[in-house]
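Close look at the chain arrangement
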Amino acid sequence: MRLTGVPASPGVAVGPAWRHAEGQSGTPLPDIRAAATRAAADLTELAERLRRAGRTEEAAIFEAQAMMAEDPTLVEGAERRANGLTDPDAIAAAVEAEARAAASTLAAIPDELLAARAADVRDVGGRIARIIAGRSIRLPDRPSIAVADDLPPSVAAEIPDGLLLGVAIERGSAVSHAAILARGLGIPAVVAVSGLGAATRTADANLTIGLDGAAGTVVLDPDADELAMLRAAGERRAAAVEAARALRDQPGATADGHRVALLANIGRPEDAARAIEAGAEGVGLFRTEFLYVGRSDAPSEDEQTRAYRAVLDDFGEHPVVIRLIDIGGDKPLPYLHLEAEANPFLGMRGLRLAQDNRALQLEQIRAIARAGAGARSVPRLMAPMVALVEDVELLRGLVAEAEADLDARGVARSARLEVGIMVEVPSAALMAAELARRVDFFSIGSNDLTQYVLAMDRTHPGFAAAADALHPSVLRAIRETVRGATAAGIEVAVCGELAGDPLGAQILVGLGVNELSMDAGRLDEVRAALAARTRGELVALADAALAADTAAAVRALRARDGAPV
Ligand code: PEP
Ligand code: MG
C-alpha cells in the first residue's frame, strides 16, 4: 500500500515500523515542581549535547522546551488540576491535561511558529508526566522507521544515533519541529501523510515501511518491485549527494558560467559557522526574531549591535542581509502589548509595526548601522511585509532618522546602508517597478508570497500540499518582480524555501533571479542542480513552468527535464 504526504527531508529508507510507547522504568516522583525541574535539567542537557555537535537549530528547540518546563503558568495550572490527588498516574494525567489545554490555545492561533510551539508544550507536558509516573519511552531496539500521529521532537532527539532510519507522520508540516530535526539528523521524513494512522494501527507488529523523503511517499509492506524501486532511488540519491558535495568550493553558476550567488539563511550568529562550512557566499537572510522572543523586554541596542557585528565579521567581504524584526499580530511579544487580531497574517506584522512602535525599529536600525562601523562589507538592511510605496517611504525615513540620531551623538556607524525590501505580498510584486526605483535590492519571500497569492494559510495542514510555491500564479508574480528589478537595475534574490528546492532554484534562475538564499543544508544540491544546466535551458524550463496550468504540471517538468535532482 502506497500513501502520499509532504516531502520534509530527502533520502530513502526501508525498515521496521516503530511506534513510540511508554513503559514503567523507575520510581514515581509525584511532585509536580520537582518533576518539572528535572525535566528542565534533562532538556538543557539534551540542548547542550546538540549544541556541542554543532546542531544549533535543534538545540534551540530544546532550550525553549527547558524554559517551558518551568513556566509558572504550566506548573501552577497543573498543580491546581492535581490538587488533592496522590496517585502518581492521576497527577501525571493532570499535568498532561494542563499541557494539552495550553497547547490548544496556541494551536488555535494561525501561525506556524506557534503551531510548532503547541506541539512542544504537549511534548514538555508528556515529559514531566513520565517523570511523575516513573515511566520512560521504550526506544526502538533495532534500526527502525518512526510512525506517529505527531512525533514529539524530544522523543526523536533521544533515539540513539543509527536507530532512527526515517520518520513518517500523519500530522505536522515541513516546518514542524519533527521535520526540522529529521533534516538536521540527515534522515528522510514525510509529513502530513493522510491515512497513515488508520493504515498502520491495524497492521501487525512486523510491518515494514519504505520511505522516499524527496518524493513524499510512504510504502507499507513494500513488495519486491517496490523494494527495488526504493533501493534504486536511494542509490541515485546517494550518488547525487556525493557528486554535489564535491562542488562545494565552487561559486554558484550554471553550466555555461552564468553566476548565481548562493547564500545562507541564518537565525542566530552561531549559525554562521555551519553556513561557511557549507560554502555559503554570504547571508541572504538573517532572521533577527531570536533577539526578541522568549524574554520580558526588548534587547538593548548594544546587545543587538554585538549580534549583527559577529555575523558581519564572520562573513568578511561577503554580503550579509539583516532583516528587521518580522513579528507582531500573530507572533505577539508581551512587552509590545499588541492587540489580538482577527486576521493576524493580514494585520500589524513586519514593517507595519513601525506605525505604533517606531522606537523599536529605530533602535534596530541604529544597531545595524553601528555594527557596520569598521565592517568589511556594507550591511544590507531589509524590511519584511512591504506592500506599498508608502511603506518604502516610511522605511527610508526610519533609516535617515536612525543615522541622523547616531551622528548627532557622535556614534560611529557604517557610512552607508544598503536598503532592501522583501517582496512577499502580491501588491509588492505588482508594483515592483515603482518599488525597485526606491530601494537597493529585492528579496522575494516565496513562503509568504505563496500564502498571499493563493490565499492559503501557510500553517494550515489542509493546504500543506496545495500551497505550493511552484504554482504558476506564484511564478508569474515572481516574473513581475524580476521585470521591475531589472528595469531599475537592482538585484533580485529569493530567500524563501523555494530557493532551496533544486527544481525551484533552476526555475528561479531561468526567471532571472540573481541570488538564492536557503538553509545551509540545501546549498550542495542547489549548486549541483544549477551547474548541470545552461542558462538557456533554465530559461526554457522557466517558460514552460510559467505556461503550466497547475503546480503538479510544473513539478512534472522535473522528470521531463531530466534534472539531476
Ligand atoms: C518568506 O516569507 O518567504 C520568508 C523568507 O520569510 P519568513 O519565512 O520568515 O516569513
Ligand atoms: Mg515572510
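Look up a bit, the structure's there.
The shown structure was predicted, so the numbers you read here are calculated from the model rather than taken from an experiment. (Residues numbered from 1 in each chain as written. Chains lettered and ligands numbered in written order. Predicted model: local features only at pLDDT ≥ 70, side-chain atom pairs only at ≥ 80, totals over all residues. Heavy atoms only, no water.)

Attention now moves to the site of ligand 1. Around ligand 1, a shell composed of 14 residues is seen, among which Arg-287, Gly-445, Asn-447, Asp-448 and Arg-458 lie nearest. One nitrogen or oxygen atom from the side chain of Asp-448 is found 3.0 Å from an oxygen atom belonging to ligand 1. Burial of ligand 1 by the protein amounts to 95% of the accessible area it has alone, namely 290 Å². Per element, the largest residue contribution to the shell around ligand 1 is three residues, and it comes from helix 16 (residues 446-454). Of the residues in the shell around ligand 1, the class split is three nonpolar, four polar and seven charged. The residues that make up the shell around ligand 1 include at least three from each of domain 2 (263-419) and domain 3 (424-565). (Near = heavy atom within 4 Å. Polar contact = N/O pair within 3.5 Å; in protein donor to acceptor, adjacent residues only side chain to side chain. Areas by Shrake-Rupley, 256 points an atom, 1.4 Å probe, with all protein chains shown as cover. Helix = DSSP H or I, 4+ residues; strand = E, 2+ residues; numbered from the N terminus. Nonpolar A, V, L, I, M, F, W, Y, C, P; charged D, E, K, R; others polar. Domains from an automatic or database assignment.)

How two helices pack is summed up by the angle between their axes together with the distance between the axes. Contact pair helix 12 (residues 358-371) / helix 13 (residues 389-408): the axes reach a minimum separation of 9 Å and the direction vectors enclose 60 degrees. When you trace helix 12 past helix 13, the crossing you get is right-handed. In this structure, helix 12 contributes Arg-358, Gln-361, Leu-362, Ile-365, Arg-366, Ala-369 and Arg-370 to the contact, and helix 13 contributes Leu-394, Gly-397, Leu-398, Val-399, Glu-401, Ala-402, Asp-405 and Leu-406. The residue inventory of the contact of helix 12 with helix 13, partitioned by class, reads eight nonpolar, two polar and five charged. (Axes fitted to C-alpha atoms, helices over the stretch in contact; angles between N-to-C directions. Left-handed = near helix turned anticlockwise from the far one by under 90°. Contact = heavy atoms within 4.5 Å.)

Let us now look at the coordination of the magnesium ion (ligand 2). Perfect tetrahedral coordination of a metal by four donors corresponds to 109.5 degrees between them, and perfect octahedral coordination by six donors corresponds to 90 or 180 degrees. Protein coordination of the magnesium ion (ligand 2) is provided by Glu-424 (OE) and Asp-448 (OD), with donor distances spanning 2.1 to 2.2 Å. Here Asp-448 lies in helix 16 and Glu-424 lies in the loop between strand 15 (418-423) and helix 14 (426-430), a separation of 24 residues in the sequence. Given the relative accessible area of 2%, Glu-424 is considered buried. (Donors = N, O, S within 2.8 Å, 3.2 Å for Na, K, Ca; no water. Buried < 20%, exposed > 50% of the residue type's maximum accessible area, 1.4 Å probe, protein only.)

Here we come to the environment of Glu-424. Placed 23 residues apart in sequence, Glu-424 and Asn-447 show a C-alpha to C-alpha distance of 7.6 Å. Beyond its immediate sequence surroundings of up to four residues, Glu-424 is in contact with Pro-384, Met-385, Gly-445, Asp-448, Leu-449 and Tyr-452. A polar contact is formed between the side chain of Glu-424 and the backbone nitrogen of Met-385, at a distance of 2.8 Å.

Pairing is mixed in the open sheet, where eight strands are placed in the order 1-10-9-3-6-7-8-2. In this open sheet, the two edge strands, each paired with only one partner strand, are strand 1 (2-4) and strand 2 (6-9). Within this sheet the neighbouring strands show an average axis-to-axis angle of 30 degrees, counted without direction. For strand 6 (residues 144-148) and strand 7 (residues 164-169), the ladder comprises five bridges, and the chain directions are parallel. Looking at strand 7, one finds that Val-147 is bridged to Ala-168. The strands that helix 7 (residues 177-185) touches are strand 2, strand 7 and strand 8 (189-191); relative to strand 2, the one it contacts most, it runs at about 50 degrees. Of the strands in this sheet, strand 1, strand 3 (12-18), strand 9 (208-212) and strand 10 (217-220) are in contact with helix 9 (residues 224-245), which crosses strand 3 at around 125 degrees. (Pairing = 2+ DSSP bridges.)

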